[in-house]
Amino acid sequence: MKANIRQISEITGYSPATISNALNHRKGVNQKTAERIFQVAKEIGYISENKILKIKLVIYKRNGLIIDDSPFFSVLLGGVEAECRASGYEMVMCNINRDDPGYREQARAILGDASSAVILLGTEILDDEFPLFMNASCPMVLLDCWSSNFPTNAVLINNADSAANAVQYLIKKGHTEIGYLRGRFRIKAFSSRYSGFGRALAEAHIPINNQYVFTVSTTMDGACQDMREYLEKKPKMPTAFFADDDMIALGCMKAFREYGYRVPEDISVIGFDDLPFCEISSPRLTTIKVYKYEMGQLAVKRLIDLIKNGSSINVKTQICTQFVERDSVADIRSDLK
């Protein structure tokens, strides 16, 4: 008879619920109990030292300001789930919250479980936190993040080139006074986008004007409120903005309208992500389409390759994007004649 949780319960005396929580590294199970459960599970063949039984999607939250507020991630995670199911792997979702007591121990336990493989959604991981995740005992692929200090397998957006292409589009439309709507929470993706923003301006011999860099919250409502506070001071405004993402762009556009600025006639705006809101906003937002669902699928495919074949070579896969031209950018070339 195939080993099951009931057998583990009979041997250890722990309830099936406790055993399930321990095997999935959920909170509420002390270390000695978990060790006993894993020992028995291995002894009776429920888990194997050498066989990967499931894929754990580990969602890291530093503060949730990016992950919790955007529909981007539900689509991304949908791609992970669909590919796991199609490939015959059970998917288990785990959350690691930096504000929780014992989050480091939780991370080490998950990454030390040789019976599972891990996709780590690291959108909110910053450089100082990468070391915690770089000594996994199991196969692991980073999703939506990367650190140049720790070569590892990763699937992420081609952020810098995508942002550069967007700014080049603004320049082709005649814009030379170009601002940056900067997310206050500086995730690594935003930093890469700023690099692309600066590169495009430099190539066109246009200096970055710090007067046109507006730092705002990363939620739509927060970005709107922060932009209202800027506009109260009647700052000098550029003719166009590139925003770190759509949530910021849409929030700031609302504030622009409230203070009498027309988009795109007075201010052009480009976002990043191509969220569903972009198609129904007024005006419809020009943005950068990210293949979110496919990113999730590719992360699972890379992980399964590592499970089956192993590799001493780490691969960084950058997903190209698509520029989506809508209505929020004005062509001002004729105005310059």
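Rules used throughout
- Going along each chain's sequence as written, the residues are numbered from 1 onward.
- Since the coordinates come from a predicted model, pLDDT governs what is reported: local features require at least 70, and pairs of side-chain atoms require 80 or more to be given and counted, while whole-chain, interface and lining totals use all residues.
- No hydrogens and no water enter the side-chain calculation; it runs on all heavy atoms of the structure.
- Think of it this way: DSSP has to see at least two bridges between two strands before they count as a pair.
- In DSSP terms, a helix is any run of H or I states spanning at least four residues, a strand is any run of E spanning at least two, and both are numbered starting from the N terminus.
- Note on geometry: axes are C-alpha line fits, over the in-contact stretch for helices, and angles between N-to-C directions span 0 to 180 degrees.
- Between buried and exposed lies partly exposed: a residue is buried under 20% and exposed over 50% of the maximum accessible area for its type, with that area taken using a 1.4 Å probe on protein chains only.
- Counted charges follow a simple rule, with Lys and Arg positive, Asp and Glu negative, and His plus the chain ends left uncounted.
- By definition here, a salt bridge exists when the distance from a side-chain nitrogen of Lys or Arg to a carboxyl oxygen of Asp or Glu is within 4 Å.
- Note on contacts: a residue pair qualifies if any of its non-hydrogen atoms lie within 4.5 Å across the two residues.
- Here the aromatic set is Phe, Tyr and Trp, taking the six-membered ring for Trp, and pairing holds for ring centres within 6.5 Å; pairs whose planes are under 30 degrees apart are stacked, those over 60 apart are edge-to-face, and all others are tilted.

A. Representation of the sheet that holds strand β9 (residues 268-270) in the model. If you trace the 4 strands from one edge of the open sheet to the other, you get β7-β6-β8-β9, paired in parallel fashion. Of all strands in the sheet, those with a lone pairing partner are β7 (213-216) and β9, marking the two edges. Strand-to-strand, the axes of this sheet are offset by a mean angle of 20°, without reference to chain direction. Direction of pairing for strand β8 (residues 240-243) relative to β9: parallel, over a ladder of 3 bridges. The partner of F241 across the bridge, within β9, is V269.

B. Region of the structure containing the side chain of D273. Residue placement: D273 occurs in the loop between β9 and α10 (277-280). Summary of buried charges: D273 has no salt-bridge partner, and the nearest side chain of opposite charge, R193, is 4.1 Å away. Among residues more than four places away in sequence, those in contact with D273 are F72, R193, D245, D246, T287, I288, K289, V290 and K292.

C. Spatial organisation of the packing of aromatic side chains. The final tally for this structure, using the stated rule, is 12 aromatic pairs. Taken together, a centroid distance of 5.9 Å and an interplanar angle of 25° make the contact between Y194 and F197 stacked. Pair noted here: Y194 and F197 are both in helix α7 (residues 188-203), with a separation of 3 residues, about one helical turn. On the accessibility criterion, Y194 (28% relative accessible area) is partly exposed. On the numbers, 5.7 Å between centres and 15° between planes, the contact of F241 with F256 is stacked.

These values are about where atoms sit, not about what they do.
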